[in-house]
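Tertiary structure, described
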Amino acid sequence: MEPASAVRRERFDALVEACDAKIVAYVRRRAPEAVVEDVVGETFLVTWRQLERVPDDPLPWLYGVARRVLANERRGRRRRTGLAARIAFEHRAPELPVFAAQVSEAVREALLALSPREREAILLVAWEDLSADQGAVAAGCTAAAFRVRLHRARRHLVRALGPDFQDAKVEPADAAKEACRS
Amino acid sequence: MPLMNDPIDLVRAANPVPQAQPREEDARRRMTAAIVSQEVGRGRFARLRRRLPRARLWVPAVAVLLIAGGTAEALGLLNGTPSAAPNGTLRTLTTSGHLVATGSYSITAIPDLSGGAVGWCFIDRQSQTRTAVPLPASEINAELKRARAHIRALLSGRVLLPGRAGHPGQPLTPAQRRTLRYEYPRLRRLLGTGSLSGLNTTSISCSGVAVPGRSIIAQDGGSSGSTSGRVLVTLTSYVFMTTRQVAAVRVSPTLTILTRADKQLPNGYRIAIAVRQTESKAPRRRTPSALRAVQRPRQAGGGRYHAPTALGYDGRPIPTHREPWKLSDAAVFWQHKPPPKAIRIPPPKAPPSGACEININALHDASPFFGEVVKHIQAFPQLEGTTFLSCANIEFAYQGEGVTAALLVDAQHPGARPGPLPNATEVARAPETFNEPIDEGRSQFITGKRVGGAWLLVQASGSIAQRIAILNRLGTCIRLSGAPCPPPTPARS
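Presented here is a report on the structure given in the accompanying data block. (Residues numbered from 1 in each chain as written. Chains lettered and ligands numbered in written order. Predicted model: local features only at pLDDT ≥ 70, side-chain atom pairs only at ≥ 80, totals over all residues. Heavy atoms only, no water.)

**Considerations on the overall build of chain B**
Along the backbone of chain B there are ten helices and 22 strands. Taken over 493 residues, chain B has a buried fraction of 49%. By sequence separation, contacts in chain B at least 24 residues apart represent 64% of the contacts at least 6 residues apart. By element, 55% of the accessible surface of chain B is carried by carbon and sulfur atoms, the whole surface being about 24,200 Å². (Helix = DSSP H or I, 4+ residues; strand = E, 2+ residues; numbered from the N terminus. Buried < 20%, exposed > 50% of the residue type's maximum accessible area, 1.4 Å probe, protein only. Contact = heavy atoms within 4.5 Å. Areas by Shrake-Rupley, 256 points an atom, 1.4 Å probe, with all protein chains shown as cover.)

Now the structure itself:
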């Protein structure tokens, strides 16, 4: 192996070692178990090819890659779900993340009522423990746009959760126009 | 529902995977090996890519993919196909790398019982009942009728698309309307790919041994084709048994199958298994050439045959002997009742004297058929892992059932205590007697016990008790050196 390749391989191995568990968990929270290995593998394949672009804080960037790979996988799954389903797509519910059984019905319904972008913003913060700046990298938009998106998502979530959250402390709607168009 | 100030806390509490658990080291290593191995083959392509503007590259890339017949194959399989779980789900991939159906498979390893044989037999069973692409004719018509009616209703605006949870339905967007108008006249062609009988196979691959320079121990697989209308659907299965050093098997430039451990396999051997489905245009009429196309479907992607390459955990090819070959010890075949029009030199009618002997005289009403006896036991020190040499076998009828008995010695060190039988467990109330578990899809099972420096095995149907009863009445003789076993007394016919 050439020295440059060896260094590259070493960096990649370290990256996999450090981030593999978190990426697996991220995918597992959003996709059926049968595709987890494939999606994680594809994520790291992209990482290997674009290793030079991986920032110093790699995790949000990897989440962003995994998010796109998941979207591709979902599109592919829709295509092959069966011709009948493909043609009569109006019978199917919109593509949704996978929630575990222990997620309460109220939370599930509330999350499903959000738009995919808002839902992802909430989940990146709640499940992946990302800050707003990190979440912006994962979502592929600016930090300001992510904050706006998160704020709106939180407000919509409260509304969807019903009266128990009516007195929740939610800031008034931000008039800032969402600048993130990923 | 508890009152919380921040709804995110509630979402956080409902996290389905609260703690990120590290995967097995093995799974990680296999994944990185597959990724890096793909990149080795992509070196030239990557250099070309750096030189050419991205837009221009698409033209030849798309052309190549279309010519190859698998439009997105190269895109879908670059990451390697993980082998399915043992006795579990079998992945089926289309040429575009998409999962279209599932089946099941199981793998079993047993010693090769043929006299003189060295190594393992691998029995793999695959079941693939139906793919998602073709539909039975009755379903096609029903689906066609329903889909057409629904699309007409959607286009006319009488039916709305369902909205997101809690939201009212929505009319079609212009883009959806255009798509449906395009799809509508093509529905029959899309649906009319007919039915597929599927893939249900049981195959045995024998003489599997691990020696230096041979990391793919055995390989199996095959194709089945089915035409309906103008579509030829082909299922091709790939099965490889490898040594433990192999992380993946590269079948073609676009198909790399990851290996996985399986407790059914001895010596830490691994299995790489995948099924690929290809669809292509079938000839209009079943001319002889069309029949040949069905019987011998082309290689997935239209390419030529590629010898499989074993890849190590560093992603690099492991040097391996290309030509399949087997190890064996010279054995003499005998047959109790040769066929009337026998070959020019008829075999002996009774087991000749040799290094080993199995005597069935104590079994009343046993009728011998044939068998093989090794003349002189030869050691095979180059072997890696536990491997047996069958120094004698006999097939006979007993109580209306066919029975096979064999004497197996350690092939590396004949005379040493032979290693364990894979997956066999000791029988209760029968010390030193081992039995392999019931395995669906097989009718005969192996029960064995150690006699001297060898395993005496009986393979038969029926209960364990019946096999143990046969085992205990068989006479044996093993001569590792010096004078051979005396000729056995003629068996009763």
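**Some thoughts on the overall build of chain A**
When its secondary structure is counted, chain A shows eight helices and zero strands. N-terminal to C-terminal, the α/β element order of chain A is α-α-α-α-α-α-α-α. A burial count over chain A gives 49% of its 182 residues as buried. A fraction of 60% describes how many contacts in chain A between residues 6 or more apart in sequence connect residues 24 or more apart. Surface accessibility of chain A: about 8,500 Å² in total, with carbon and sulfur atoms responsible for 52%.

**Brief notes about the sheet that holds strand E20 (residues 445–451) of chain B**
Residue and element names in this part refer to chain B. If you trace the eight strands from one edge of the open sheet to the other, you get E13-E15-E16-E17-E21-E20-E19-E18, paired in antiparallel fashion. Looking at strand neighbours, the two that pair on one side only are strand E13 (331–335) and strand E18 (425–426), the edges of this open sheet. Note: strand E16 (residues 388–398) against strand E17 (residues 401–410), ten bridges, orientation antiparallel. Within E17, the position partnered with Glu395 by the bridge is Thr404. Running at roughly 35 degrees to E20, helix H10 (residues 464–473) makes contact with E16, E17, strand E19 (433–435), E20 and strand E21 (454–460) of the sheet. (Pairing = 2+ DSSP bridges. Axes fitted to C-alpha atoms, helices over the stretch in contact; angles between N-to-C directions.)

**Thoughts on the packing of aromatic side chains**
Residues and elements named next belong to chain A. Enumeration according to the criterion identifies six aromatic pairs over all chains in this entry. For the pair Phe12 and Phe44, a centre-to-centre distance of 6.4 Å together with 80 degrees between the ring planes defines the contact as edge-to-face. Taken together, the positions of Phe12 in helix H1 (residues 3–28) and Phe44 in helix H2 (residues 33–49) put the pair 32 residues apart, joining distant regions of the chain. Both residues of the pair, Phe12 and Phe44, belong to the buried class. (Phe/Tyr/Trp six-rings, centres within 6.5 Å; stacked < 30°, edge-to-face > 60°.)

**Quick look at the nonpolar core**
Judged by nonpolar contacts, the single largest core of 56 residues is most densely connected at Ile23(A), Val27(A), Phe44(A), Ile122(A), Phe146(A) and Val11(B). In terms of nonpolar packing, the next biggest core, distinct from the first, is built from 35 residues, Cys356(B), Leu363(B), Phe396(B) and Ala454(B) among them. (Core = buried A, V, L, I, M, F, W, Y, C linked by side-chain atoms within 4.5 Å.)

**Some thoughts on helix H5 (residues 105–113) of chain A**
Listed in full, the buried residues belonging to H5(A) are Val107(A), Ala110(A), Leu111(A) and Leu112(A). Buried-residue contacts for H5(A) involve helix H6 (116–126) and helix H8 (143–161) of chain A together with helix H1 (7–13) of chain B.

**A word on the state of the cysteines**
Here a disulfide denotes one covalent bond, and it connects the sulfur atoms of two cysteines. All names here are of chain B. Scanning all chains against the criterion turns up two disulfides over all chains. At a sulfur-sulfur separation of 2.0 Å, the disulfide partner of Cys121 is Cys206. Measuring handedness by torsion sign, the sulfur bridge of Cys121 and Cys206 sits at about 110 degrees and is right-handed. Of this pair, Cys121 sits in strand E4 (residues 120–128) while Cys206 is found in strand E5 (residues 199–208), placing the two residues 85 residues apart along the sequence. The residue that forms a disulfide with Cys356 is Cys391, at a sulfur-sulfur distance of 1.8 Å. Here the S-S torsion is close to -100 degrees, and the disulfide linking Cys356 with Cys391 is therefore left-handed. Of this pair, Cys356 sits in strand E14 (residues 356–359) while Cys391 sits in strand E16, placing them 35 residues apart in sequence. By relative accessible area, Cys356 is classed as buried at 2%. According to the relative accessible area criterion, Cys391 is buried, its value standing at 0%. (Disulfide = S-S within 2.5 Å.)

**Some points on the packing of H6(A) against H8(A)**
All names here are of chain A. Packing of H6 against H8 leaves a shortest axis separation of 8 Å and a crossing angle of 95 degrees. Here H6 is positioned roughly perpendicular relative to H8, judged by the angle of their axes. Where H6 abuts H8, its residues Arg117, Glu118, Ala121, Ile122, Leu124 and Val125 lie against Phe146, Arg149, Leu150, Arg152, Ala153, Arg154, His156 and Leu157. Among the residues making up the contact of H6 with H8, the classes are represented as eight nonpolar, one polar and five charged. (Parallel < 35°, antiparallel > 145°, perpendicular 65-115°, else oblique. Nonpolar A, V, L, I, M, F, W, Y, C, P; charged D, E, K, R; others polar.)

**Examining the environment of Gly475(B)**
All names here are of chain B. When you line up the elements, Gly475 lands in strand E22 (residues 475–478). For the pair Gly475 and Leu363, spaced 112 residues apart in sequence, the C-alpha separation works out to 9.8 Å. Leaving out residues up to four positions away in the same chain, Gly475 has contacts with Glu357, Ile358 and Asn359.

**Observations regarding unusual backbone geometry**
All names here are of chain B. Positive phi, close to 50 degrees, is recorded for Gln399, a residue that is not glycine. Following the sequence through the fold, Gln399 ends up in the loop between E16 and E17. Positive phi outside glycine occurs at Glu432, with the angle close to 65 degrees. Along the polypeptide, Glu432 turns up in the loop between E18 and E19. For Glu432, a relative accessible area of 36% corresponds to the partly exposed category.

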